[in-house]
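Chain residues, written in single-letter form:
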Amino acid sequence: MEDIKRKLELQIRELDYELKVTLPKEIQRAREYGDLRENAEYKAAKERQSYLQARLGQLHRRLAALSMVNLDRIPRDKVGLGSLVTVAVEEGGEETVFEIVVPEDADPTIGRISPSSPIGKCLLGHEEGDTVEVRVPAGVRTYEIRKLVTMHDQVKEQ
């Protein structure tokens, strides 16, 4: 989770620099072209400024939310943030491993899913041996949780 916080802080610094240093120069340069009503460069710079302000607000809120994650509240025997979950599709028995990660780290192509994804939502709070049903575009898929390694188990192993 510290990696994610560092990435967010770096993004904030880069966008903040653009907003406070680079963009004012572009706006000033665009103003020198004259009539602001028909000045495409000026309009583009002002739109970029609005975007940067909104994105910075979003990143600050996300960083604050991550800072408030209480690791003691993550379950020790059930699927939660940081868990590695081995599931088998009931129809074919094919096993898949999912890691429950924060949304910024999610990449379903390599099995890293967020708790807010359809599969993540269904797995949260369940234990090894439980069966869960996940609604997918093709219908309902049933998974059996074959193995569960929580965040706390991983810390013990290291």
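Preceding this paragraph is the structure being described.
This report concerns the structure included in the present document. Because the structure is a prediction, the values reported are computed rather than measured.

Parameters at a glance
- Residues numbered from 1 in each chain as written.
- Predicted model: local features only at pLDDT ≥ 70, side-chain atom pairs only at ≥ 80, totals over all residues.
- Heavy atoms only, no water.
- Core = buried A, V, L, I, M, F, W, Y, C linked by side-chain atoms within 4.5 Å.
- Buried < 20%, exposed > 50% of the residue type's maximum accessible area, 1.4 Å probe, protein only.
- Helix = DSSP H or I, 4+ residues; strand = E, 2+ residues; numbered from the N terminus.
- Phe/Tyr/Trp six-rings, centres within 6.5 Å; stacked < 30°, edge-to-face > 60°.
- Contact = heavy atoms within 4.5 Å.
- Pairing = 2+ DSSP bridges.
- Expected span 1.5 Å × (residues − 1).
- Salt bridge = Lys/Arg side-chain N within 4 Å of Asp/Glu carboxyl O.

Remarks on the nonpolar core
Move 1: Core analysis: the largest hydrophobic core is formed by 19 residues, its most contacted members being Leu8 and Leu23.
Move 2: Mapped onto this core, the elements with two or more residues apiece are helix H1 (2-31) and helix H2 (40-67).
Move 3: Element by element, the count of residues in this core is highest for H1, at eight residues.
Move 4: If you look at the next biggest cluster of nonpolar residues, it comprises 14 residues, including Ile100, Ile113, Leu123 and Val134.

Examining the packing of aromatic side chains
Move 1: The full count for this structure, using the stated rule, is one aromatic pair.
Move 2: Judged by centre distance (6.3 Å) and plane angle (90°), the rings of phenylalanine 98 and tyrosine 143 are edge-to-face. Residue phenylalanine 98 is found in strand E2 (residues 95-100), and its partner tyrosine 143 is found in strand E5 (residues 139-149); the two are separated by 45 residues along the sequence.
Move 3: Here phenylalanine 98 falls in the buried class, since its relative accessible area comes to 8%.

What about the environment of glutamate 18?
Move 1: Within the element layout of this structure, glutamate 18 appears in helix H1.
Move 2: Spatially, the C-alpha atoms of glutamate 18 and arginine 48 are 9.8 Å apart, while their sequence positions differ by 30 residues.
Move 3: Discounting residues that sit within four places of it in the chain, glutamate 18 has contacts with Leu23, Pro24, Arg48 and Leu52.

Overview of the environment of valine 89
Move 1: Summarising the element assignment, valine 89 is placed in strand E1 (residues 84-89).
Move 2: In the structure, valine 89 is positioned 78 residues away from glutamine 11 in sequence and 39 Å away in space, judged by C-alpha atoms.
Move 3: Aside from chain neighbours lying at most four places away, what touches valine 89 is Glu94, Arg141, Thr142 and Tyr143.

Examining the environment of lysine 78
Move 1: One can find lysine 78 in the loop between H2 and E1.
Move 2: A relative accessible area of 32% places lysine 78 in the partly exposed class.

Regarding the sheet that holds E1
Move 1: The sheet built from five strands is open, its strands ordered E3-E2-E1-E5-E4 with mixed pairing. Of all strands in the sheet, those bounded by a partner on one side alone are strand E3 (112-113) and strand E4 (131-136).
Move 2: In this sheet, E2 lies alongside E1 in antiparallel orientation, the contact comprising five bridges. Note on E2: the bridge partner recorded for valine 85 is phenylalanine 98.

Things to note about H2
Move 1: Along its 28 residues, H2 runs 40 Å from first to last C-alpha, staying within 8% of the 40 Å computed at 1.5 Å per residue.
Move 2: Here H2 has its buried residues at Tyr42, Ala45, Leu52, Leu56, Leu59, Leu63 and Leu66.

Concerning the pattern of salt bridges
Move 1: By the definition in use, this model includes eight salt bridges.
Move 2: Here glutamate 99 and arginine 112 are joined by a salt bridge, their closest N and O atoms 2.9 Å apart. Residue glutamate 99 is located in strand E2, and its partner arginine 112 is located in strand E3; the two are separated by 13 residues in the primary sequence.
Move 3: Taking relative accessible area as the criterion, arginine 112 reaches 22% and is therefore assigned partly exposed.

Function cannot be read off these values alone, since they describe shape.
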